[in-house]
Amino acid sequence: YDPIKNFPALVKWFTSHGGQIDTRITLGYEPSTNPKVRIRGMIATAHIEPETVLIHTPASLMISDFDRNHCEVIQRVVEELELGEESKWD
C-alpha cells in the first residue's frame, strides 16, 4: 500500500462523505540529500494564506467519542468491520 499513490482515491472518498480538503495540498516526500531518508508529509502545491482551513472532517467521519467512552468507540469499529463492504469505511 502506497499512501502517496492512493491519496487521490482517499480525497475522493473523503469529499464524497462530506469532508473538505484544500485542493492546494497533497502528500509527498520531503527532498533529502540522503536517498535512504524518506520523510512523508503534506505539501502545498501553491501559496496558501495563513489561517486557511486545509482539512475539515465532519463529525460523521469521526470514529470518536467526545465523552471518552473508549468501549463505545471500539463497539463502533467492530460494527463497521462486521458490515464489510457495506461499511462506508470500506
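For the structure itself, look to the data block above.
Since this is a predicted model, take the numbers as computed values, not measurements.

Caption draft 1: Just unusual backbone geometry, in detail. One non-glycine residue, Glu-51, lies in the positive phi region at around 70 degrees. Structurally, Glu-51 is set in the loop between strand 3 (39-44) and strand 4 (55-56).

Caption draft 2: How the structure looks around the side chain of Asp-22. With respect to the secondary-structure elements, Asp-22 resides in the loop between strand 1 (20-21) and strand 2 (25-30). Take Asp-22: its relative accessible area is 13%, and that puts it in the buried class. For Asp-22, the residues in contact, after removing those within four places along its chain, are Thr-52, Val-53 and Leu-54.

Caption draft 3: Representation of the nonpolar core within the structure. Counting five residues, the largest nonpolar core is built from Phe-7, Val-11, Ile-21, Ile-25 and Ile-48. Leaving out residues up to four positions away in the same chain, Phe-7 has contacts with Ile-21, Ile-25, Thr-26 and Leu-27.

Caption draft 4: Main features of the side chain of Ser-87. By secondary structure assignment, the location of Ser-87 is in the segment after helix 2 (70-83). By relative accessible area, which is 7% here, Ser-87 ends up buried.

Caption draft 5: The packing of aromatic side chains, seen in detail. In this structure the tally under the stated criterion is zero aromatic pairs. Seen from the ring of Tyr-29, Arg-38 lies directly overhead, with NZ or CZ sitting 3.6 Å from the centre.

Calculation rules
Residues numbered from 1 in each chain as written. Predicted model: local features only at pLDDT ≥ 70, side-chain atom pairs only at ≥ 80, totals over all residues. Heavy atoms only, no water. Helix = DSSP H or I, 4+ residues; strand = E, 2+ residues; numbered from the N terminus. Buried < 20%, exposed > 50% of the residue type's maximum accessible area, 1.4 Å probe, protein only. Contact = heavy atoms within 4.5 Å. Core = buried A, V, L, I, M, F, W, Y, C linked by side-chain atoms within 4.5 Å. Phe/Tyr/Trp six-rings, centres within 6.5 Å; stacked < 30°, edge-to-face > 60°. Lys NZ or Arg CZ within 6 Å of the ring centre and 35° of its normal.

None of this, on its own, says anything about what the molecule does.
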